[in-house]
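Chain by chain, the residues:
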Amino acid sequence: MIQRIKYMVRFILTLLLCVLTFSCSNRPDHPVLVNGLPDIYPDYIDVSIPAGIAPLNFNAADNRVQRMDVIIKGSKGGELHANGKWADFDVNEWKKLTQMNQGGDLTVTVCMMVDGNWVQYEDFVIHVSTYLLDDFGLTYRRIPPGYEVGGNIGIYQRDLHSFEESPILQVSAVPGQCMNCHTANRANPSSFYMQLRGEHGGTLIQKDGKQTWLTTKTDSTKLNTSYGYWHPDGDYCAFSINSIHQSFFVGKDRRIEVYDTASDVLVLDTRTNELVLSPLLQTSDWESYPVFSADGKTLYYCTAKACNLPAEYEKVKYNLCSISFDASTGKYGEKVDTLIRVTDVDKSITYPRPSYDGRWLMYNVTDFGNFPVNHKEADLWLMDLQSGETRSLSEVNSEDAENYHSWSSDSHWFVFCSRRENGMYTQLYLASIDEQGKVSKPFLLPQRNPKKYYHELFDSYNCPDFTTVPVEFDARIAHDVVMSDKRVQVKIR
């Protein structure tokens, strides 16, 4: 018995020694100091984030790195530590640290182990913005970056304060359909719309949880609605009707051009399911991408002279225009104002998005065309609606396409898609903007294990939009109605 006890004691001591030895070998002990910042993925160096956002976990960009040791200290107090194959922070501890340091900085110390040797890099800083991001999260479409109709696509929502993602509607619920544009009203999903294309296509208007599926093609409008945007009072939705086509290039510089051969702008009264038309918005020109101003009194949209497509695709250039709208009567103004003329900039202006506080208008600029996601030169620009001044958002633009931008409910954050990483897959980036229009360095949407997630994901993100609360959506009801082809036919007012 005594011999057995001695054996057990020796075994436990040996085990403890092994654990301690292993633990010590995986913690930096007198690491070699090097000049230079760590090469991490994603690049979170010197970004500004809202307090309480999901942890900015990161990997070593160099695949030879065997282990990382990361310490984060707040300028106003608090400390976090992560040790493992990548920097993986506890969600609750990260939330406490960022909230404690709102308006301050987080100093990040990174050590990496290569071939059993530890190296320590220069510290870098993550800024915690004074602007909160109280919105629940984002909605977006995930789709393989191919060119077929349908496929393995879906509309999802993501909690920005954790890593939780859940589907709103997937193609498995409505087989053969292409889920397209979707948006909440000023980030409030109590008013929510979505487009389906395909044999059982239709326009969904969901208000206070009630789904209404519409057929929006009429004898007067000829086409179904496409790109849409809510009026702030929730009674109206502005839409364009578009005849959308694709042409493919031979060669490697360009893959595809998406264009319209016909398009008009109109407004849907969601109370009566009537379309409100104007001859100023149904012309021989192409009108598209309508959006309401923050106060709902102005309708912004883009318009271009018709060309012979696809032969003259490089001649397609859109002006940015506006027309007044009276929600009390449902009537348009009697004249169109041109805010940015093609003849002045020799560029194409598309996808305007006004901030909800009425201060800014963000839009896309490309050399030509109306589908910026497929244009490598696509950049984001900003108009000050008080002064009328415009500028390129050099703080966020890259050498590849930026597009599909949307505002947070308080207008101090925006999300956009970018192909900057590999030129093929669009990913979501967030940035903040202050009262003077200064924009912070954008950061990639956080993931638990970023390198594994993004390098193994075969989907592109597009059409992101903020939501203040989760979207409540019954996919079973949607399936039954969509596949039954039961629709409410809109009428012309």
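Residues numbered from 1 in each chain as written. Predicted model: local features only at pLDDT ≥ 70, side-chain atom pairs only at ≥ 80, totals over all residues. Heavy atoms only, no water.

**Overview of the sheet that holds strand 12 (residues 165-170)**
Spatially, four strands are ordered 12-11-10-34 in an open sheet, and the strand pairing comes out antiparallel. Only two strands of the sheet have a single partner each, and these edge strands are strand 12 and strand 34 (460-467). For this sheet, the mean inter-axis angle between neighbouring strands, taken without regard to orientation, is 25°. For strand 11 (residues 154-159) and strand 12, the ladder comprises five bridges, and the chain directions are antiparallel. Pairing of Gly 154 across the sheet is with Gln 170, part of strand 12. (Pairing = 2+ DSSP bridges. Helix = DSSP H or I, 4+ residues; strand = E, 2+ residues; numbered from the N terminus. Axes fitted to C-alpha atoms, helices over the stretch in contact; angles between N-to-C directions.)

**Section: the sheet that holds strand 26 (residues 348-354)**
Strands sit in the order 26-27-28-29 across an open sheet of four strands; the sheet is antiparallel. Strand pairing shows two members of the sheet lacking a second neighbour, strand 26 and strand 29 (390-392), which therefore form its edges. The mean angle between the axes of side-by-side strands here comes to 30°, regardless of whether they run parallel or antiparallel.

**Observations concerning the environment of Ile 433**
Looking at where Ile 433 falls in the secondary structure, it is placed in the loop between strand 32 (427-432) and strand 33 (443-444). Classification of Ile 433 as buried rests on a relative accessible area of 1%. Placed 19 residues apart in sequence, Ile 433 and Phe 414 show a C-alpha to C-alpha distance of 8.0 Å. Apart from the residues within four sequence positions on either side, Ile 433 is in contact with Tyr 131, Trp 360, Leu 382, Trp 407, Ser 411, His 412, Lys 438 and Val 439. (Buried < 20%, exposed > 50% of the residue type's maximum accessible area, 1.4 Å probe, protein only. Contact = heavy atoms within 4.5 Å.)

**A word on the confidence of the model for the chain**
Chain-level pLDDT for the chain is 93 on average; 94% of the residues reach the 70-or-more range. Low pLDDT, under 50, characterises residues 13-24; the predicted model gives this stretch zero contacts beyond four residues in sequence or across chains. (pLDDT = per-residue confidence, 0-100.)

**Focus on the environment of Leu 361**
As for its position among the elements, Leu 361 is in strand 27 (residues 360-366). Residue classification places Leu 361 among the buried positions, given a relative accessible area of 0%. C-alpha separation for the pair Leu 361 and Val 70, spaced 291 residues apart in sequence, amounts to 40 Å. In this view, Leu 361 contacts Tyr 300, Leu 320, Pro 352, Arg 353, Pro 354, Trp 381, Leu 382, Met 383 and Leu 385; residues no more than four positions away in its chain are not counted.

**Section: the domain arrangement of the chain**
We note that the domain assignment places domain 1 (32-128) and domain 2 (137-489) within the chain. With centres defined by C-alpha atoms, the gap from domain 1 to domain 2 works out at 35 Å. With 26 residues of domain 1 in contact, the opposing surface of domain 2 contributes 23 residues. Our count for the domain 1 to domain 2 interface comes out at two salt bridges. A salt bridge links Asp 88 to Arg 448; the nearest nitrogen and oxygen atoms lie 3.7 Å apart. Viewed at the interface, domain 2 and domain 1 are joined by 13 residue pairs in polar contact (both at pLDDT 80 or more). Going through the elements one at a time, strand 3 (48-49) and strand 4 (59-60) are the ones with two or more residues in the side of domain 1 that touches domain 2. In terms of residue class, the side of domain 1 that touches domain 2 is made up of 17 nonpolar, five polar and four charged. (Domains from an automatic or database assignment. Salt bridge = Lys/Arg side-chain N within 4 Å of Asp/Glu carboxyl O. Polar contact = N/O pair within 3.5 Å; in protein donor to acceptor, adjacent residues only side chain to side chain. Nonpolar A, V, L, I, M, F, W, Y, C, P; charged D, E, K, R; others polar.)

**Focus: helix 2 (residues 91-100)**
One full turn of an α-helix is made of 3.6 residues, so residues set three or four places apart face in the same direction. Among all positions in helix 2, only Trp 94, Leu 97 and Thr 98 are buried. For helix 2, the angular spread of the buried residues around the axis is 95°, confining them to a single face. Along helix 2, the residues that are exposed and aim more than 90 degrees away from the buried face are Asn 92 and Lys 96. For helix 2, the side-chain oxygen to backbone nitrogen distance between the N-cap and Asn 92 is 3.1 Å, and the N-cap itself is Asp 90. (Arc of directions from axis to C-beta.)

**With respect to the pattern of salt bridges**
Taken as a whole and judged by the stated rule, the model has 22 salt bridges. Residues Asp 62 and Arg 64 are paired through a salt bridge, measuring 2.7 Å at the closest nitrogen-oxygen approach. Take Asp 62: its relative accessible area is 27%, and that puts it in the partly exposed class. On the basis of relative accessible area, Arg 64 is assigned to the exposed category, the value being 57%. The salt bridge partner of Asp 235 is Arg 271, with a shortest N-O separation of 3.5 Å. Separated by 36 residues along the polypeptide, Asp 235 in the loop between strand 17 (225-230) and strand 18 (236-248) and Arg 271 in the loop between strand 19 (256-269) and strand 20 (274-276) bring together distant segments of the chain.

**Some words on the packing of aromatic side chains**
The geometry of an aromatic ring pair comes down to the distance between the two centres and the angle between the two planes. Applying the stated criterion to the full structure yields 16 aromatic pairs. When the ring of Tyr 289 is compared with that of Tyr 351, the centres are 5.6 Å apart and the planes differ by 75°; the resulting orientation is edge-to-face. Separated by 62 residues along the polypeptide, Tyr 289 in strand 21 (residues 286-292) and Tyr 351 in strand 26 bring together distant segments of the chain. Note on Tyr 289: relative accessible area 4%, which makes it buried. (Phe/Tyr/Trp six-rings, centres within 6.5 Å; stacked < 30°, edge-to-face > 60°.)

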